[in-house]
Amino acid sequence: MTKSGFVTIAGRPNAGKSTLLNAIFQEKRAIVTPKPQTTNVNVQGVYNDERGQIVFVDTPGLHKPKSHYGAHLNKQAYQSIRGSDVTLLVIDASVPFGPGDQYLKERLKIDNEMIIVLTKIDLARPYEVDALKGKYAELYPDVSLIEVSSVRNFNIDALLDEIFRLLPEGPLFYPDPKSHEVDKEKYISEVVREKIMNLTEQEVPYSIAVVTDHLEVTNKIVAYVSIICERDSQKGILIGKKGKMIKRIRLQSQYDLSHFFKMPAEMEIKVKVNKNWRSDPKIIEKLIRQ
């Protein structure tokens, strides 16, 4: 009996969704930073074993949008949830239930199978975990709840067991393991954005978009990337004194890309200013297509 289906990883910003995806695959599939709203594209990963196939979709953190771009991120997540067989609702166990969780409960309509996943239990006290378990048992009385620690690889196998239990029987969506590979342009843009989020402070990480304009793949990766920000002051921060910041972003990105794609990586990065990019349909469309 072979099972297969789509599984959406959803939740609030910084709940640990991308870290969970990386733990499942034991490699870096999605970018991770300590800052919220790290993921801004849906990232897929195809998991295979003798039981069947799980197609994972990591989504942007669901939040109350303040811009056209924020509304676009929410729309991405909601569309993935509606199109999936199972939804993993990821909850940060180290943070008490609050207004953001209530906002999500009131707006998130899940008609498919669901699993509540309490992440970061290694950072939470036992009474905090118990309080959240009790709260979500009230909100979703008939839904499975699993505690995990992605960084310690705790209960990841138990989570996979529960997903396979809920998936329908059916053929593999990707019979050939090579038929679904990481989208290189999307992955490159996300790696660059991760470095920006980790290396810069204040409002800069949340005021930028990263687009891979052109990609050449031979015996090495050569990427031409644009960073779009809102103000000249942000452009100055991204470039840095004597170009030191943009050089750090480029070198750290090249290192990660070389490791992931197992070939040399070179990159050219340009920083552009567009103060209204988060409301610019052309830029958002480019981000969607990427």
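Residues numbered from 1 in each chain as written. Predicted model: local features only at pLDDT ≥ 70, side-chain atom pairs only at ≥ 80, totals over all residues. Heavy atoms only, no water.

*Asks:* Could you clarify how one ought to interpret the sheet that holds strand E8 (residues 221-229) in this entry?
*Replies:* Picture the strands of a sheet paired through backbone hydrogen bonds; they go either parallel or antiparallel. Read across the sheet, 3 strands follow the order E7-E8-E9 without closing on themselves; strand pairing throughout is mixed. Sheet topology places strand E7 (209-217) and strand E9 (265-273) at the edges, where each strand pairs with a single neighbour. Neighbour-to-neighbour, the strand axes of this sheet turn through a mean angle of 15°, independent of strand direction. Across 8 bridges, the pairing between E7 and E8 is antiparallel. The residue bridging valine 210 from the neighbouring strand is isoleucine 227, located in E8. The sheet contacts of helix H8 (residues 244-261) involve E8 and E9, and relative to E9 the element is tilted by about 140°. (Pairing = 2+ DSSP bridges. Helix = DSSP H or I, 4+ residues; strand = E, 2+ residues; numbered from the N terminus. Axes fitted to C-alpha atoms, helices over the stretch in contact; angles between N-to-C directions. Contact = heavy atoms within 4.5 Å.)

*Asks:* What should I look at first to understand the side chain of glutamate 230 in this one?
*Replies:* For glutamate 230, the position within the fold is in the loop between E8 and helix H7 (232-239). Once residues within four sequence positions are removed from consideration, glutamate 230 is found in contact with Ser207, Val273, Asn274, Lys275, Trp277 and Arg278.

*Asks:* Explain the packing of helix H1 (residues 17-25) against helix H5 (residues 156-166) here, please?
*Replies:* When two helices pack together, their arrangement is given by the angle between the helix axes and by the axis-to-axis distance. The geometry of H1 relative to H5 is characterised by a closest axis approach of 10 Å and an angle of 90° between their N-to-C directions. On the basis of the axis angle, H1 is roughly perpendicular to H5. Of the residues in H5, those in contact with Leu20, Ala23 and Ile24 of H1 are Ile156, Leu159 and Leu160. Taken together, the residues of the contact of H1 with H5 sort by class into 6 nonpolar, no polar and no charged. (Parallel < 35°, antiparallel > 145°, perpendicular 65-115°, else oblique. Nonpolar A, V, L, I, M, F, W, Y, C, P; charged D, E, K, R; others polar.)

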